[in-house]
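Understanding the architecture of this molecule
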Amino acid sequence: MTRTVTSTERALAALRELILHGQFAAGARLGEVELAERLGVSRTPVREALTRLAAEGLVELVPNRGARVASWSVAELEGVFDLRSALEPRLTGYAVPRARPDDVAVLDELAAQMLAVGLPGADQDLDALVPLNRQFHGRLVVMAGQPALATALAGAIHAPIQLRNFHAYDEASLRRSLAHHVEIVAAVRAGDPIWAQAVMTAHIHNARAVMLRAAREQEAT
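Residues numbered from 1 in each chain as written. Predicted model: local features only at pLDDT ≥ 70, side-chain atom pairs only at ≥ 80, totals over all residues. Heavy atoms only, no water.

The next point concerns helix H3 (residues 43–56). Counting along an α-helix, one turn takes 3.6 residues, and residues three or four places apart therefore face a common direction. Over its 14 residues, H3 runs 20 Å from end to end, which matches the ideal 20 Å to within 8%, given 1.5 Å per residue. Of the positions making up H3, those classed as buried are Pro45, Val46, Ala49, Leu50 and Leu53. Seen along its axis, H3 keeps its buried residues to an arc of 135 degrees; they face one direction. Close packing links the buried residues of H3 with helix H1 (7–20), strand E1 (29–30), helix H2 (32–39), strand E2 (59–62) and strand E3 (66–69). (Helix = DSSP H or I, 4+ residues; strand = E, 2+ residues; numbered from the N terminus. Expected span 1.5 Å × (residues − 1). Buried < 20%, exposed > 50% of the residue type's maximum accessible area, 1.4 Å probe, protein only. Arc of directions from axis to C-beta. Contact = heavy atoms within 4.5 Å.)

Further remarks concern the packing of helix H6 (residues 126–144) against helix H8 (residues 171–190). Put simply, H6 and H8 touch, their axes get as near as 13 Å, and they point 30 degrees apart. Between H6 and H8, the angle is such that the two are roughly parallel. As for the relative orientation of H6 and H8, their crossing is left-handed in sense. For the pair formed by H6 and H8, the contact residues are Leu126, Leu129, Asn133, Phe136, His137, Leu140 and Met143 on the first element and Leu174, Leu178, His181, Ile184, Val185 and Val188 on the second. For the contact of H6 with H8, the residue count by class is 10 nonpolar, 3 polar and no charged. (Axes fitted to C-alpha atoms, helices over the stretch in contact; angles between N-to-C directions. Parallel < 35°, antiparallel > 145°, perpendicular 65-115°, else oblique. Left-handed = near helix turned anticlockwise from the far one by under 90°. Nonpolar A, V, L, I, M, F, W, Y, C, P; charged D, E, K, R; others polar.)

Another point: the pattern of salt bridges. According to the stated counting rule, one finds 13 salt bridges in the structure shown. A salt bridge links Arg134 to Glu17; its shortest N-O distance comes to 2.8 Å. Taken together, the positions of Arg134 in helix H6 and Glu17 in helix H1 put the pair 117 residues apart, joining distant regions of the chain. We classify Glu17 as partly exposed; its relative accessible area is 30%. The shortest N-O distance in the salt bridge between Glu171 and Arg175 comes to 3.0 Å. A residue pair is termed a helical-turn pair when its members lie 3 or 4 positions apart in one helix, as Glu171 and Arg175 do in helix H8 at 4 residues. (Salt bridge = Lys/Arg side-chain N within 4 Å of Asp/Glu carboxyl O.)

Let us look at the domain arrangement of the chain. Per the domain assignment, the segments making up the chain are domain 1 (7–69) and domain 2 (74–220). The gap between the C-alpha centroids of domain 1 and domain 2 is 26 Å. (Domains from an automatic or database assignment.)

To continue, consider the packing of helix H5 (residues 101–118) against H6. Packing of H5 against H6 brings their axes to within 9 Å, and their N-to-C directions diverge by 160 degrees. Considered as vectors, H5 and H6 are oriented roughly antiparallel to each other. Relative to H6, the crossing made by H5 is left-handed. Between H5, through Asp102, Asp103, Val106, Leu107, Leu110, Ala111, Gln113, Met114, Val117 and Gly118, and H6, the contact on the second element is made entirely by Leu126, Ala128, Leu129, Leu132, Asn133, Gln135, Phe136, Arg139, Leu140 and Met143. Of the residues belonging to the contact of H5 with H6, the class tally is 13 nonpolar, 4 polar and 3 charged.

Positive phi, normally seen in glycine, also occurs at Asn64, with a value near 65 degrees. Taking relative accessible area as the criterion, Asn64 reaches 86% and is therefore assigned exposed.

Next up on the list: the sheet that holds E2. With antiparallel pairing, 3 strands are arranged side by side in an open sheet as E1-E3-E2. Each having just a single partner strand, E1 and E2 make up the two edges of the open sheet. Of the pairings in the sheet, the one linking E1 to E3 comprises 2 bridges and is antiparallel in character. Paired with Arg29 across the bridge in E3 is Arg68. In the packing of H3 onto the sheet, the strands contacted are E1, E2 and E3, and the crossing angle to E2 comes to about 115 degrees. (Pairing = 2+ DSSP bridges.)

Grouped together as the largest cluster of nonpolar side chains are 38 residues, with contacts concentrated most on Leu129, Phe136 and Leu140. Those elements that provide at least two residues to this core are helix H4 (74–98), H5, H6, helix H7 (147–157), H8 and helix H9 (193–220). If sequence neighbours within four positions are ignored, Leu129 has contacts with Met114, Val117, Gly118, Phe166, Leu174 and Leu178. One finds Leu12, Leu18, Leu30 and Val41 within the second-largest nonpolar core, a separate group that totals 19 residues. (Core = buried A, V, L, I, M, F, W, Y, C linked by side-chain atoms within 4.5 Å.)

Mapped onto the secondary structure, Tyr94 falls in helix H4. Between the alpha carbons of Tyr94 and Leu61 there is a distance of 37 Å; along the sequence they are 33 residues apart. Residue contacts for Tyr94: discarding those within four places in its chain leaves Ala144, Gln146 and Leu149.

Structure representation (structure tokens):
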């Protein structure tokens, strides 16, 4: 039997995607009336969705002031990336010996799609990179088979993800990021966890530099 998706679940999924795709800036007000009209639902599902997004760390609920997209200081982002640097390369290393041919094929296709939409040119679509990137990293986490580490990593990267849209990347940083995905696939295919961990570490430090620069610029304004 197919389960019916509730209005709250639809609103939750839609709002999460809007935030993750950078449609709302950090600190932006999230009015229930406006969101209900935009999503074609009543205010109650929107209110419930905002409460759940607050639990995920994507939204801040301020008493008597409503909801806002969560914002992150430079210091908080540094802590997030320190934790991510400790966890994600390890998970990537665990994923390598567990990789099946279909895992490699999926990762390879995702890396190719990211190149197709990410490289500068007429077909560049930076917003399309966001879900592809999430699928790529998520696949590696699932392959690792380490649920405790995966949960810890999710807590580290999910909340400030709205600051990590690819519009913040300069061309050199973006090319590095896309190339890292391709090289990680090569390391997985070769069955070399040390190589894969090293590339993931470089990948995270590249993202760290971009996001901290963007956060510092935001704090300065």
